[in-house]
Number of protein chains: 2
Amino acid sequence: MPFSWFRRRRLVLDAPRLRPRRERKPGVAADLAAIAPDLRPFLGLSASVELSAFEQLSGLVADAPSYSAKESIGQAAANALGRHRRLVAELRRFDGDPEVELREHLPRVAELDAVSAGHDWVERVLSAHLCGALLEDFFAELAQGVDAGGIKDLPAIFAVDPADRHALQSILKEHIDGDHRLAARLAMWGRRLVGDALLLTRSGLRLTGDIDADDAHTAALYAEIVAAHTRRMDALGLTA
Amino acid sequence: MPFSWFRRRRLVLDAPRLRPRRERKPGVAADLAAIAPDLRPFLGLSASVELSAFEQLSGLVADAPSYSAKESIGQAAANALGRHRRLVAELRRFDGDPEVELREHLPRVAELDAVSAGHDWVERVLSAHLCGALLEDFFAELAQGVDAGGIKDLPAIFAVDPADRHALQSILKEHIDGDHRLAARLAMWGRRLVGDALLLTRSGLRLTGDIDADDAHTAALYAEIVAAHTRRMDALGLTA
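Within any chain, residue numbers begin from 1 and follow the written order of that chain's sequence. Think of it this way: whatever chain is written first is A, whatever ligand is written first is 1, and the rest follow in order. Reporting of local features is limited, given that this is a predicted model, to residues whose pLDDT is at least 70; pairs of side-chain atoms are given and counted only at 80 or more, and all residues count toward the totals for whole chains, interfaces and linings. Excluding hydrogens and water, the side-chain figures rest on all heavy atoms present in the structure.

- Per an unreviewed UniProt entry, chain A carries the name Ferritin-like fold-containing protein and comes from Gryllotalpicola reticulitermitis.

Here it is, written out as structure tokens:
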């Protein structure tokens, strides 16, 4: 039986719906093609997530403890906005009205923002780092299964500048190193965040509502993004 | 006697200091050269102001009432960060350490941020619009008197994309039109903001502390930026 993050909760987040048959593209995993949404909802959700990443990151600039932290977090925020704008540009190119498409997804994204808001600046940095990276990994993977209708390299939009990830990681490590209490608190916080972020990803999939059938398709995807999350926790010296 | 915004307050914000003789550049107003600071403090203060503009604008995105407002405010924020980064790049090129230079100016900028924070979203938009534009006008003017040491077109860094100004203006006008109570409240708010923003500009000048002497040099500069502020108020239908 495949590994499932969701079995324990027995949550069915999407109503069953019919899946049209899809052209299988060479090199695209069958599992991803089976669960990938149509292009417009994909762009709508991912654009909403990148807008929220911009809001969260830019909100961290004011209280950053050093200018270099302000600078790198500001740059990461601007890059998230850049990804958002590219996704919205594609949405418009496929006749999507961002006002309509984003309104559909933003409330769900705002829910994650609310639960991942954090109690202080360091917790908020950890939220931005872990949720941002997990969601971008998710979209980059899932994009391989989306019928991109001529968009040249959809997954590449989510290829975050490694400098941005590295900057947040360094800032967090500086705080964590040698502070066991903070490390314990952030480890707990990180474990909670991953569950909340995964819930949001669930809403971006085309699922049947039959957990066993869905798990068969999602297992590989979730195994991969959870492994990447675990590596990020390890890199911070936090127990995932 | 020249017009003075500051005479009424009898504030002397800068201790008297000696002014080195300056090479007069052709085409540069004598008044500006007399009061313009050295390049590094100029870059330090203006970079701090643009960083704060980024923080304020990006903080307005989350509560924007429409996607198009989110989009244009987000873009204005990213552009402010772009100006900030250009100024910091110049600072570094002239051996300035932004960590040091900005630490000197950020507290004064944070003071303006605090008093101009606004009680609700619309007031905050007005603050970002009026203070941002006034300060950028100020720096663009003053830059003409700064010995720019090889920076090609220092004033041009402050040439804000008219689309950014226009976007904030449209958002404000949409709220104000037909709402006389809001118009009255924002008019009062705008009149307060200009005083606070002008105070900050004062700290960016090389003054003697002799108000009559200083006014002789600053009168034209202030007349110009206050006139531009008044036009912005007019454009919003607010009494300056």
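Moving on from the coordinates now.
**Side note on the overall build of chain A**
Part 1 of the argument: The helix and strand labels rest on DSSP assignments: H or I over at least four residues marks a helix, E over at least two residues marks a strand, and numbering proceeds from the N terminus. Within chain A, the secondary structure is distributed over 8 helices and 0 strands.
Part 2 of the argument: Within the span of chain A, comprising 240 residues, buried residues form 53% of the whole.
Part 3 of the argument: Long-range pairs, those at least 24 residues apart, make up 82% of the contacts in chain A with a sequence separation of at least 6. Burial status follows relative accessibility: with a 1.4 Å probe on protein chains alone, a residue under 20% of its type maximum counts as buried, one over 50% as exposed, and anything between as partly exposed. What makes two residues a contact is simply this: any of their non-hydrogen atoms within 4.5 Å.

**Overview of the relation of the copies chain A and chain B**
Part 1 of the argument: Alignment of copies: least-squares fit on C-alpha atoms of residues with pLDDT of at least 70 in both copies. Aligned on chain B, chain A shows an RMSD of 0.0 Å; the corresponding rotation is 180° and the shift along the axis is 0.0 Å. The two molecules are tied by a two-fold rotation axis, judged by turn and shift.
Part 2 of the argument: Taken together, the interface assignments show that 100% of the residues at the interface of chain A recur at the interface of chain B, consistent with an identical surface on both copies.

**Quick notes on the environment of Ala 220 of chain A**
Part 1 of the argument: Its place among the elements puts Ala 220 of chain A in helix α8 (residues 211-235).
Part 2 of the argument: Residues Ala 220 of chain A and Asp 31 of chain A, spaced 189 residues apart in sequence, show a C-alpha to C-alpha distance of 8.2 Å.

**Structural notes on the nonpolar core**
Part 1 of the argument: Residues enter a nonpolar core if they are buried and are Ala, Val, Leu, Ile, Met, Phe, Trp, Tyr or Cys, with the set joined through side-chain atoms within 4.5 Å. Leu 154 of chain A together with Leu 154 of chain B are the most contacted members of the largest nonpolar core, which totals 144 residues.
Part 2 of the argument: Residue contributions to this core peak at 13 residues, all from helix α5 (residues 121-143) of chain A.
Part 3 of the argument: Those residues in contact with Leu 154 of chain B that lie beyond four places of it in its chain are Leu 39, Phe 42, Leu 43, Ala 143, Val 146 and Ala 148 of chain B.

**Points about unusual backbone geometry**
Part 1 of the argument: Positioned with a positive phi, Asp 95 of chain A is a non-glycine residue whose angle comes to about 60°.
Part 2 of the argument: On the secondary structure map, Asp 95 of chain A appears in the loop between α3 (67-93) and α4 (98-115).

**Here we look at the interface of chain A and chain B**
Part 1 of the argument: Each partner contributes to the interface: chain A provides 24 residues, whereas chain B provides 24 residues.
Part 2 of the argument: Two parts placed together each lose some accessible area; with a 1.4 Å probe, that loss summed over both constitutes the buried area. Carbon and sulfur atoms make up 59% of the surface buried where chain A meets chain B, a total of about 1,900 Å² over both sides.
Part 3 of the argument: Any carboxyl oxygen of Asp or Glu that lies within 4 Å of a side-chain nitrogen of Lys or Arg is treated as forming a salt bridge with it. Between the two partners, chain A and chain B, sit 4 salt bridges.
Part 4 of the argument: Salt-bridge contacts for Glu 71 of chain B lead to Arg 92 of chain A; the nearest nitrogen and oxygen are separated by 3.0 Å.
Part 5 of the argument: Secondary-structure elements contributing two or more residues to the side of chain A that touches chain B are α2 (39-61), α3 and α4 of chain A.
Part 6 of the argument: Sorting elements by how many residues they give to the side of chain A that touches chain B places α3 of chain A first, with 13 residues.
Part 7 of the argument: Gly is put with the polar residues, along with every residue not named as nonpolar or charged; the nonpolar set is Ala, Val, Leu, Ile, Met, Phe, Trp, Tyr, Cys and Pro, and the charged set is Asp, Glu, Lys and Arg. For the side of chain A that touches chain B, the per-class residue count stands at 12 nonpolar, 6 polar and 6 charged.

**Considerations on the layout of surface pockets**
Part 1 of the argument: Approximately 500 Å³ is the volume attributed to the largest pocket.
Part 2 of the argument: In this analysis a 1.4 Å probe is tested at points of a 1 Å grid over the protein atoms alone, and where it fits but cannot get out there is a cavity; an open set with protein on both sides within 12 Å along at least five of seven lines is a pocket; lining residues have an atom within 4 Å of a point. Lining the largest pocket we find 20 residues, and of these Ala 62 of chain A together with Ser 52, Glu 55, Gln 56 and Asp 113 of chain B sit closest to its centre.
Part 3 of the argument: Contributions of two or more residues to the lining of the largest pocket are made by α2 of chain A together with α2 (39-61), α4 (98-115) and α5 (121-142) of chain B.
Part 4 of the argument: When residues in the lining of the largest pocket are grouped by element, the largest group, 6 residues, is from α2 of chain B. Grid points are joined across faces, edges and corners, and a volume is the space filled by probe spheres set on the points.

**What about the pattern of salt bridges?**
Residue and element names in this part refer to chain B.
Part 1 of the argument: Counted according to the given criterion, the structure contains 26 salt bridges over all chains.
Part 2 of the argument: Residue Arg 83 pairs with Glu 50 through a salt bridge whose shortest N-O separation is 3.0 Å. Of this pair, Arg 83 sits in helix α3 (residues 67-93) while Glu 50 sits in helix α2, placing them 33 residues apart in sequence. Comparing Arg 83 with Glu 50, the two get one shared label, buried.

**What about α2 of chain B?**
Part 1 of the argument: One fewer than the residue count of a helix, multiplied by 1.5 Å, yields its expected span. When the terminal C-alpha atoms of α2 of chain B are compared, their 33 Å separation across 23 residues agrees well with the 33 Å that a helix rising 1.5 Å per residue should span.
Part 2 of the argument: When you tally the buried positions in α2 of chain B, you get 19 out of 23 residues, the bulk of the element.

**Looking at the packing of aromatic side chains**
Part 1 of the argument: Stacked, edge-to-face and tilted labels apply to pairs of Phe, Tyr and Trp rings (six-membered ring for Trp) whose centres lie within 6.5 Å, assigned for plane angles under 30 degrees, over 60, and everything in between, in that order. Within the structure shown, the criterion is met by 8 aromatic pairs over all chains.
Part 2 of the argument: Aromatic side chains Phe 42 of chain B and Phe 158 of chain B sit 5.9 Å apart centroid to centroid with 85° between the ring planes, which places their arrangement in the edge-to-face category. Of this pair, Phe 42 of chain B sits in helix α2 while Phe 158 of chain B sits in the loop between α5 and α6 (162-176), placing them 116 residues apart in sequence.
Part 3 of the argument: Assessed through its relative accessible area of 3%, Phe 158 of chain B is described here as buried.
Part 4 of the argument: Grouped by ring-pair contacts, the aromatic residues Phe 42, Phe 138, Phe 139 and Phe 158 of chain A constitute a single cluster.

**Side note on the packing of α5 of chain B against helix α7 (residues 180-202) of chain B**
How two helices sit against one another is set out by the angle between their axes and by the gap between those axes.
Residues and elements named next belong to chain B.
Part 1 of the argument: Direction vectors running N to C along α5 and α7 enclose 35°, while the axes themselves pass 9 Å from each other. Relative to α7, α5 is oriented so that their crossing is right-handed. On α7, the residues that touch Val 122, Glu 123, Leu 126, Ser 127, Leu 130, Cys 131, Leu 134, Leu 135 and Phe 138 of α5 are Leu 182, Arg 185, Leu 186, Trp 189, Gly 190, Leu 193, Val 194, Ala 197, Leu 198, Leu 200 and Thr 201.
Part 2 of the argument: For the contact of α5 with α7, the per-class residue count stands at 15 nonpolar, 3 polar and 2 charged. For helices, the axis comes from a line fit to the C-alpha atoms of the stretch in contact; other axes are also lines fit to C-alpha atoms, and the angle between any two N-to-C directions lies between 0 and 180 degrees. Throughout, a crossing is termed right-handed when the near helix is turned clockwise from the far one, and left-handed when it is turned anticlockwise from it by less than a right angle.

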